[in-house]
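Per-entry structural report
What follows is each chain in one-letter form.
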Amino acid sequence: MNLMRNADLFADSVIREMTLRINRYHPDDGVNLAQGFPDFSAPDVVKQAACAAIMADLNQYATTWGTPALRRAIAATTSESWGQDISPEDEITVCCGATESMLVAMLATLNPGDEVVVFAPFYENYGPDAVLAGATPRFVPLRAPDWHIDWDELTAAITPRTRGIVLNTPHNPTGKVFDRAELERIAVLCQEHDLYCYTDEIYEYMVYDGEHVSIAALPGMRERTLTVSGLSKTFSITGWRLGYCIAPPEVTRLLRKIHDNVTCGAAHPLQAAGVAALELGRPYFAQLCQEYRERRDYFVPALQGLGFACRAPASAYYVMCEVGPLLDRLGLPDDRALADLLVREIGVATVPGTYFYPRDTGLGRDELRFVFCKRMETLRRAVELLQPLAV
Ligand code: PLP
């Protein structure tokens, strides 16, 4: 039988593998700081809205591209952020998470032979999404320690085959918030080379330093930008699978067709609860941000004290650490060996840095990522477990 080869072009998720390993080695007392899901509750009103929707028998298919009420709620929230009106009828498609949203965005707009530019380190799905769409990702490194763009490298990565640039701001795994000047330069490149911009903004409401700017709201970008976001992170409901893509009407028409054939639609009662979630609005976002800032301000200095070199991330809930000196001190060869030691012996799951870079480039060998979307007591426990690493 001739097996499909596209899936061989990308690796299994190391993040999910780490989750399996911590559950296997330390089922009762391990701490999973590999996968970005919170271990605390979603807001009560949101959970109650989901229960009420199920009891009201919202059991059948919703409109394939999202209930009108959820699309209106997304349009209202995002229009306020952008300072521009967004049409719930023509520009919004609700999908099963930002994950599906990015995939259908690329499937709808890329053809075999196309190329897309992806910044590295990157969130795990963008490369596979491009490959599934038949396109080739071209990686451009963000340069540590401040994760800046080398503009010559970015310009050189754009070829006659390039169809788009994938952006993720606020950024996983670095916590970088792309500033307005950077976004304006990327916008100029998109317009000069007639490119789409695929932008994943799922951490838009978790910014501690600086300001989140949506590239779609910059002049000349609305008509070429596919903005992906979702409710997973903002409302601590990663298992509910609610995300969306905002795109120009002619692109939305295409991606709704793809979405219809991929998942047909997100869970109807959970979409009803998504409306209640978004209605919590700005005061909720401010509170969420404050709570994450407190976690960051505890966890980052604690990691530094243990010998992990890191900067406080400006956004999101990840800390990318430079572990070169720690590897030397422990006599370990690379990031994978350190992540292996931590998950087996110490009982803390992390993600080796190389996972966030293209394979075989050597990039990320002295980096390691922790998440801090956990209760304070979970973070304290992790720090306690990691104590043997302290000098
Ligand atoms: N995009 C980024 C940048 C992420 O970090 C994650 C999860 O870690 C996702 C998307 C996944 O979002 P969803 O749960 O909505 O599929």
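The notes below deal with the structure included here. Note that the coordinates shown come from a computational prediction; the quantities given were computed from them, not determined experimentally.

The next point concerns the sheet that holds strand β8 (residues 225-230). The sheet built from eight strands is open, its strands ordered β2-β9-β8-β7-β6-β3-β4-β5 with mixed pairing. Only two strands of the sheet have a single partner each, and these edge strands are β2 (92-95) and β5 (148-149). In this sheet, β8 lies alongside strand β7 (residues 196-200) in parallel orientation, the contact comprising four bridges. Looking at β8, one finds that D200 is bridged to V228. On top of the sheet, helix α4 (residues 97-109) reaches β2, β6 (162-168), β7, β8 and β9 (243-246); it is set at about 175° to β7, its chief contact. Packing against the sheet, helix α8 (residues 249-262) makes contact with β2, β7, β8 and β9, and its axis sits at approximately 20° to β2.

Looking at the element boundaries, T162 is found in strand β6. Of the residues examined, T162 reaches a relative accessible area of 6% and is grouped as buried. Apart from the residues lying within four places of it in its own chain, the contact partners of T162 are E115, V117, A157 and L195. One polar contact links the side chain of T162 to the main-chain amide nitrogen of T159, over a distance of 2.7 Å.

Pairing is antiparallel in the open sheet, where three strands are placed in the order β10-β13-β12. The open sheet has two edge strands with one neighbour each: β10 (318-322) and β12 (351-352). Inspection of the sheet shows β12 paired to strand β13 (residues 367-371) by two bridges, in the antiparallel sense. Bridge pairing in β13 places P352 opposite L368. Contacts from helix α10 (residues 281-306) reach β10 and β13, with the element oriented near 15° to β10.

By the definition in use, this model includes 17 aromatic pairs. Ring plane angle 70° and centroid distance 5.8 Å describe the contact between Y355 and F356, whose orientation is recorded as edge-to-face. Here Y355 matches F356 in class, with each residue buried. Taken together through their ring pairs, the aromatic side chains of F40, Y203, Y292, Y317, Y318 and F372 make up a single cluster. Between the NZ or CZ atom of K176 and the centre of the ring of F178, over which it lies, the distance is 4.7 Å.

Across its 13 residues, helix α7 (residues 180-192) extends 18 Å between first and last C-alpha, which sits within 8% of the 18 Å expected from 1.5 Å per residue. Within α7, the full set of buried residues consists of E182, L183, I186, A187, L189 and C190. Buried residues of α7, seen end-on, are gathered within an arc of 160° and therefore sit on one face of the element. Where α7 starts, the residue carrying a side-chain oxygen 3.2 Å from the main-chain nitrogen of A181 turns out to be D179. In the segment just after α7, D194 is the residue with positive phi, at about 55°.

Around the ligand lies a shell of 14 residues, among which A98, T99, D200, Y203 and K233 are the nearest. Taking A98, its main chain carries an N or O atom lying 2.7 Å from an oxygen atom of the ligand. Y318 places a side-chain nitrogen or oxygen 3.4 Å from an oxygen atom of the ligand. Taken by itself the ligand offers 400 Å² of open surface, and the protein chains cover 93% of this. For the shell around the ligand, the element with the highest residue contribution is α4, accounting for three residues. Looking at the shell around the ligand, its residues break down into six nonpolar, five polar and three charged.

What counts as what
Residues numbered from 1 in each chain as written. Predicted model: local features only at pLDDT ≥ 70, side-chain atom pairs only at ≥ 80, totals over all residues. Heavy atoms only, no water. Pairing = 2+ DSSP bridges. Helix = DSSP H or I, 4+ residues; strand = E, 2+ residues; numbered from the N terminus. Contact = heavy atoms within 4.5 Å. Axes fitted to C-alpha atoms, helices over the stretch in contact; angles between N-to-C directions. Buried < 20%, exposed > 50% of the residue type's maximum accessible area, 1.4 Å probe, protein only. Polar contact = N/O pair within 3.5 Å; in protein donor to acceptor, adjacent residues only side chain to side chain. Phe/Tyr/Trp six-rings, centres within 6.5 Å; stacked < 30°, edge-to-face > 60°. Lys NZ or Arg CZ within 6 Å of the ring centre and 35° of its normal. Expected span 1.5 Å × (residues − 1). Arc of directions from axis to C-beta. Near = heavy atom within 4 Å. Areas by Shrake-Rupley, 256 points an atom, 1.4 Å probe, with all protein chains shown as cover. Nonpolar A, V, L, I, M, F, W, Y, C, P; charged D, E, K, R; others polar.

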